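# Architecture at a glance
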Amino acid sequence: MALRWSAWLLLPAVAAAQEAAPPVIRVFTRLVDVNVIARDSRGPVAGLTADDFRIFDNGVEKKIAFFSVNSVKPPAKPFVPPAPEVYTNRPEVRPDAAVRLTVVVLDGLNSSVEYQIRARAQLLKFAREIGPRDRVAVYAMADRMRRIQDFTNDSGQLVASVERYTPNLWVVKGSPAGAASRGIPGSEALQIAEGSSATMEAMADYYRMRVTTDLMKELAQEIARVPGRKNIVWLSAGFPMEIRMTGDSPEHPTSFREEMSGSSKALARASAALYPVDVRGLVAPSGGQTAAAVADGERKRHYSMDVLAAVTGGRAFYDDNDLAAEIRGAVEDAELTYTIGFYPDPGEQDGNYHRLQIEVKRPGVQLRYREGYVAADAQLPLPEADGRDQIRDALASPVDVAGMALTVRIQPRDPKKPDAMRLTIAVPARDIDLRPPENGVVATLDVIVAQRAADGSDL
């Protein structure tokens, strides 16, 4: 019997609330948590503690209030399985606990059919090698973002989903109407010169860039429901950050740094690190191109990939024909991560973007993390959330939410009550924070048990 336990719902409820009222979740604190990757010349750096780090919010050092280490490798001590008919969400006793989350995006918007076929073939090589503590999801990007596989550690299921993916034949319309149909601001003002291939190419680049940044924001919103760090491996031919549009001077091309930065910040808010992988590999001159011209074009494309990755704490991969190895490298970057959390002062919760800086005491260690966060506005009270939505998110999450450790024992069936099941649920007292009554609100601990069918539907 497969059971799924998600324990994190500490639900303050009004004492006089009616029994039928939906659960209400109130947020008491605004913790800022940052996922950090620490590497040196030999690879991931293990053994760091909270005392090894310093974190700064807009240049002001903050006290580290939360610290954890997440490793895809099994712990040194062997797993001790629970007794029969005992289930738990504790990752230290679960050899299949989800530790590393990866979202692969097959980019059909910015990549030719040839490169899409190549990316699919290389992704299949990687899909056959995923481990039990991995969870991988796959999306296809065209004029919209389509999920072709939700998070799974089932290699066979992942391979089957990727094999069903067909390269995207969607063609960018070479007219302003194409961009205007998606509501892209300013598209109606773009002038297309008939017969000007350079202008037509610039228009296509503009359109693809705006659609791409919009879709990345949509992806960030969708995966934000999943707790923890997510690595987004973006298999794409990319696009330049600067495009020379009609009317631009040679010295001042149209720049899309702001749009790209907005997408990166949305991904960072969702605890997602972006890893662009150039599906073209090594590019050689062709069609009369000079090596200098090719190098300049590659530099511009790779610069945009580097910028997108840096804001989120990821890194870009390019100039390598072994795409499977690059995909593996992007995924393995999260082999060992540290999570650092702090509480901003009330006066600093101003709704603005704050720069983050993290230092480590150990010499020779390079850190990667998201560059900043948007501080919650202390003047705007956080809305009370209908607990049902958060409960659904917790149950649907590929990661067992383990803010509280649960151990559940299923008692033997009573022959006199064949339709009944008795559960004994244990929660460590240290995981429970029951606050004193305040403004008529009493903190209570609610336990919610959901029963699901084999197809995942709620019974």
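Residues numbered from 1 in each chain as written. Predicted model: local features only at pLDDT ≥ 70, side-chain atom pairs only at ≥ 80, totals over all residues. Heavy atoms only, no water.

To continue, consider the overall build of the protein. Looking only at helices and strands, the protein has 8 helices and 23 strands in total. Going through the 459 residues of the protein one by one, you find that 42% of them count as buried. Counted over contacts in the protein with a minimum sequence separation of 6, partners at least 24 positions apart contribute 75%. When the accessible surface of the protein is totalled, it reaches about 24000 Å², and 52% of it is carbon and sulfur. (Helix = DSSP H or I, 4+ residues; strand = E, 2+ residues; numbered from the N terminus. Buried < 20%, exposed > 50% of the residue type's maximum accessible area, 1.4 Å probe, protein only. Contact = heavy atoms within 4.5 Å. Areas by Shrake-Rupley, 256 points an atom, 1.4 Å probe, with all protein chains shown as cover.)

Before going further, it helps to examine the sheet that holds strand S8 (residues 86-88). Whether parallel or antiparallel, the strands of a sheet pair through hydrogen bonds between backbone atoms. Spatial ordering of the open sheet is given by S8-S21-S22, a layout of 3 strands whose pairing is antiparallel. Two strands lie at the open edges of the sheet, namely S8 and strand S22 (423-426), each paired on one side alone. Averaged over all pairs of adjacent strands, the angle between strand axes in this sheet comes to 20°, irrespective of strand direction. Where S8 lies against strand S21 (residues 407-410), 3 bridges are found, and the strand directions are antiparallel. Following the sheet pairing, Thr88 is matched in S21 by Thr407. (Pairing = 2+ DSSP bridges. Axes fitted to C-alpha atoms, helices over the stretch in contact; angles between N-to-C directions.)

Moving on, we get to the packing of aromatic side chains. Within this structure, the stated rule accounts for 4 aromatic pairs. Pairing Phe53 with Phe67 gives two aromatic rings, centres 6.0 Å apart and planes at 40°, and the pair type is tilted. Here the residue Phe53 occupies a position in strand S5 (residues 53-57), and Phe67 occupies one in strand S7 (residues 66-71), the gap between them amounting to 14 residues. On the accessibility criterion, Phe67 (24% relative accessible area) is partly exposed. Between the aromatic rings of Phe342 and Tyr373, the centroid separation amounts to 6.1 Å while the plane-to-plane angle is 75°, which identifies the pairing as edge-to-face. Within this pair, whereas Phe342 is found in strand S16 (residues 336-342), its partner Tyr373 is found in strand S19 (residues 372-374), the two being separated by 31 residues in sequence. Exposure remark for Phe342: the relative accessible area of 0% places this residue in the buried category. Since its relative accessible area comes to 6%, Tyr373 is described here as buried. Each member of the aromatic cluster is reached from another via a ring pair, and the members are Phe53, Phe67 and Tyr338. When the ring centre of Tyr353 is taken as origin, the NZ or CZ atom of Lys265, which lies over that ring, is 4.0 Å away. (Phe/Tyr/Trp six-rings, centres within 6.5 Å; stacked < 30°, edge-to-face > 60°. Lys NZ or Arg CZ within 6 Å of the ring centre and 35° of its normal.)

A separate point is a nonpolar patch on the surface. Together, Ile425, Leu445, Val447 and Val449 make up an exposed nonpolar region whose accessible area comes to about 310 Å². If you trace the backbone, Val447 turns up in the segment after strand S23 (441-445). When its relative accessible area of 53% is taken as the criterion, Val447 is described as exposed. (Patch = residues over 30% accessible without salt bridge, like charges linked within 9 Å, V, L, I, M, F, W, Y side chains within 5 Å. Salt bridge = Lys/Arg side-chain N within 4 Å of Asp/Glu carboxyl O.)

Following the criterion strictly, the structure yields 12 salt bridges and no others. Linking Arg100 and Asp134 is a salt bridge whose minimum nitrogen-to-oxygen distance equals 2.6 Å. Taken together, the residues span a long stretch of sequence, with Arg100 in strand S9 (residues 100-107) and Asp134 in strand S10 (residues 134-141) at a distance of 34 residues. Residue classification places Arg100 among the buried positions, given a relative accessible area of 9%. Among the ionic pairs, Arg128 bridges to Glu163, the shortest N-O distance being 3.9 Å. In this pair, Arg128 is assigned in the loop between helix H1 (113-127) and S10 and Glu163 in helix H2 (residues 155-164), connecting sequence segments 35 residues apart. Several salt bridges share partner residues, and in doing so they unite Arg39, Asp333 and Arg368 into one network.

As a further point, take the sheet that holds strand S6 (residues 60-62). Across the sheet, 4 strands lie side by side as S6-S5-S17-S19; this open sheet has antiparallel pairing. Either end of the sheet is taken by a strand with one partner, and the two such strands are S6 and S19. Neighbour to neighbour, the strand axes of the sheet diverge by 35° on average, direction disregarded. Strand direction decides the pairing type here: S5 and strand S17 (residues 353-360), joined by 5 bridges, are antiparallel. Of the residues in S17, the one forming a bridge with Ile55 is Ile358.

Turning next to unusual backbone geometry. In the Ramachandran plot, Asn58 falls in the positive-phi region, its phi being about 50° despite a non-glycine side chain. Along the chain, Asn58 turns up in the loop between S5 and S6.

Contact pair H1 / helix H7 (residues 323-332): the axes reach a minimum separation of 8 Å and the direction vectors enclose 55°. One element, H1, and the other, H7, form an angle in the oblique class. For the element pair H1 and H7, the recorded crossing hand is right-handed. Seen from H1, the contacting residues are Arg118, Ala119, Gln122, Leu123, Lys125 and Phe126; seen from H7, they are Leu323, Ala324, Ile327, Arg328 and Val331. (Parallel < 35°, antiparallel > 145°, perpendicular 65-115°, else oblique. Left-handed = near helix turned anticlockwise from the far one by under 90°.)

These figures capture arrangement, not role.
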